[in-house]
Every structure is written in structure tokens, then in C-alpha cells.
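# Summary of structural features
So the chains spell out like this:
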Amino acid sequence: MDGIIGIFTDPAAIVALVTLVVMEVVLGIDNLIFISILSNKLPEAQRRKARRVGIGLALGMRLALLSMIAWLVGLTAPVFDLGINGPPGIHGEPSFETQFSWRDLILIAGGLFLVWKATKEIHHNVDPHPSDDLFDAPRGTLTFGAAIVQIVMLDIVFSIDSILTAVGMTDILAIMVIAVIVAVAVMLVAADPLANFINKNPTVVMLALGFLLMIGAVLIADGFGVHVPKGYIYAAMAFSAGVETLNIIARRRKERQERASDAGH
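Residues numbered from 1 in each chain as written. Predicted model: local features only at pLDDT ≥ 70, side-chain atom pairs only at ≥ 80, totals over all residues. Heavy atoms only, no water.

### Structural notes on empty space enclosed by the protein
Stated precisely, the cut-off is as follows: Using only the protein atoms, space was sampled on a 1 Å grid; points where a 1.4 Å probe fits but cannot get out form cavities, open sets with protein on both sides within 12 Å along at least five of seven lines form pockets, and lining residues are those with an atom within 4 Å of a point. Grid points are joined across faces, edges and corners, and a volume is the space filled by probe spheres set on the points. All residues other than Ala, Val, Leu, Ile, Met, Phe, Trp, Tyr, Cys, Pro, Asp, Glu, Lys and Arg, Gly among them, are scored as polar; the first ten of these are nonpolar and the last four charged.
Tallied over the full model, the rule gives 1 cavity of 30 Å³ or more. Here the largest cavity defines a volume of roughly 80 Å³. Its residues assigned to classes, the lining of the largest cavity comprises 7 nonpolar, no polar and 3 charged.

### Regarding a positive patch on the surface
The cut-off we apply is this: A patch consists of residues whose relative accessible area exceeds 30% and which take part in no salt bridge; residues with like charges are grouped when within 9 Å of each other, and nonpolar side chains (Val, Leu, Ile, Met, Phe, Trp, Tyr) when within 5 Å. Here, Shrake-Rupley sampling with a 1.4 Å probe gives the accessible areas, and only protein chains in the shown set may cover a residue. When a carboxyl oxygen of Asp or Glu is within 4 Å of a side-chain nitrogen of Lys or Arg, the pair counts as a salt bridge. By the counting rule applied here, Lys and Arg register as positive and Asp and Glu as negative, while His and the ends of each chain are not counted. We put the charge of a Lys on NZ, of an Arg on CZ, of an Asp on CG and of a Glu on CD. Helix and strand labels come from DSSP, where a helix needs a run of H or I of at least four residues and a strand needs a run of E of at least two; each type is numbered from the N terminus.
The grouping of K200, R252, R253, R256 and R259 at the surface amounts to a positive patch. Looking at the positive patch element by element, the count peaks at 4 residues for helix α9 (residues 230-264). As for its position among the elements, R252 is in helix α9.

### Examining helix α5 (residues 102-126)
Think of an α-helix as turning once every 3.6 residues; residues three or four places apart then point the same way. Selection rule: Each helix should span, by expectation, one fewer than its residue count multiplied by 1.5 Å. Note on exposure labels: buried denotes an accessible area under 20% of the residue type's maximum, exposed denotes more than 50%, and partly exposed covers the range between, all computed with a 1.4 Å probe on protein chains only. Should any heavy atoms of two residues lie within 4.5 Å, those residues are considered in contact.
Compared with the 36 Å implied by 1.5 Å per residue over 25 residues, the 36 Å span of α5 between its first and last C-alpha is a close match. Listed as buried for α5 are R103, D104, L107, I108, G110, G111, F113, L114, K117, A118, E121 and H124. Residues of α5 that are buried sit in contact with α2 (11-39), β2 (97-101), α6 (144-169) and α8 (202-223).

### Side note on the packing of aromatic side chains
Stated formally: Only centres within 6.5 Å qualify two rings of Phe, Tyr or Trp (six-membered ring in Trp) as a pair; their planes then separate them into stacked at under 30 degrees, edge-to-face at over 60, and tilted for everything else.
Tallied over the full model, the rule gives 3 aromatic pairs. Relative to F224, the ring of F100 has its centre 5.3 Å away and its plane inclined at 85 degrees; by these criteria the two rings are edge-to-face. Of this pair, F100 sits in strand β2 while F224 sits in the loop between α8 and α9, and the two are 124 residues apart along the sequence. We classify F100 as buried; its relative accessible area is 5%. Residue F224 is classed as partly exposed on the basis of its relative accessible area, which comes to 30%. Through a chain of ring-to-ring contacts, three or more aromatic side chains come together here, namely F34, F113 and W116.

### As for the pattern of salt bridges
A full pass over the atoms with the stated rule returns 6 salt bridges. With its nearest N and O atoms 2.4 Å apart, the salt bridge here joins D192 to R48. Of the two residues, D192 sits in helix α7 (residues 173-200) while R48 sits in helix α3 (residues 44-66), which places them 144 residues apart along the sequence. Residue D192 is classed as buried on the basis of its relative accessible area of 10%. For the salt bridge of D192 with R51, the shortest nitrogen-to-oxygen distance reads 2.8 Å. In this pair, D192 sits in helix α7 while R51 sits in helix α3, placing the two residues 141 residues apart along the sequence. Overlapping salt bridges, with partners in common, bring together R48, R51, R52 and D192 in one network.

Put into C-alpha cells, the structure is as follows:
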């Protein structure tokens, strides 16, 4: 208790906490987009429950990983090296490397899953004659259990990335725990509005799938030692979301004008 009180009386600790909360919320956006898209494929009565279960599992995984920080940090130790390195970059570091840790392998696996999943969903949205593939199933036919399994798979990847980010920013466990709980609480509050917004705007679904495709590619690159600054990724996402918001506003204004014109006749 004294340690927690000390956090709120120490300006440096408060700054670290606020910074980490913001970082965790931003990192949670990826997780939330995936949960929202997947839950919207369930029957309507199960969607809210799936989002709650998925976010609850994300919190549980993050807190469990925080209790095993020593083991988690050990995941960054090299496991094997293929001895292949890319040409040196502007700072002398290799542009890519094939020295893999367990964290790298998990990120690559998660990235491949995201790329595959997003590609299948995009195919389902643009193909006029979708196949009978499990993940191309029509809306409302995905089972609750299958949805939770997929959410858990990505929760693991995003949770490891989230906690390793927290470990890199502070060594105070109480700050990490508070930041994770606050970030997941924000995800819980935002889950339903985000999922409903995506569900009501079909073009946003394609944009969100594009985000997942990009995030998957970034995770794979990160696993190969190609570190793309997260700021670039989220700036691109924010810009795309801003453009799509303007498109939605323009479409709705046009629809209102057309309805008013029809009513006038």
C-alpha cells in the first residue's frame, strides 16, 4: 500500500504511470480492433459476451505475465541464429537479422496469423461467391468457442508485446499493474461502441482489416529485427481513420439531402 501511495506522491512516478497508460491504451487498439471484427461475426446475442470474455482474458494474461517478469524478459534471449544479416543501416545496425528469441518467434507466428486472418476476411468481403472455409463463414455462423480460441491466440501475442513494452519503460511493478488495469478498463468501455461503429459502417470494416494486415506485417518485421517506429504506424492509422471519417460525414450529408429532396416531392 505504501508503494502505491508513493507512486501518486512522486512526480517522476506519476509521469511514468501516465506515459505507460497512454502506451498501453495505444497498444491495446490493435487487440480491440481484432476482437471487434471477430465478435461481429457471431450471432448478435453472443457478441457482447465474446468481447467481455476476450478483454477479460487479455487482462488475465497481462497480469499473469507481470507476475512472471523474470521469465518473460528471458524470452528476449537468443534461441538460435541462422547467421544471416542484412546490410548495415544508417546507424550501423543490420537492416534485418536472423537471430531469433522466443519473443521473435511468437511475434512472427502472431503476425502470420493476423496477415492470414485479415486476408481471408478481405477475400470474404470482396468475393461475390465466398467459399465454405471456416474463417470465410457468413456473419452469425462462427461459433462462440472458435471466436474465443482465435481471440486467445492474439491476446497472447499482444499481451507479451504489451508487457515487454511496460518492462522497457519502468522497473516499478505497481506502475505496470496500474497501467495495465487502466488500459484494459479503457478497452472494456470502448469495445461495444467501436464494434457497433464498425458493424454499421461496412467501409470501416475494410479499413480495420487493412490495419490488421499492416499490424501483422509489422509484427513479422519486428520478429526479424526490423523495428518500425510505432509512431509511424499509429500516425498512418490515425490519418486513414480521419479520411474515412470525412467520407462517412460526406455520405451521411448526401443521404440527408436526398431524403429531404424526396420528401419535398
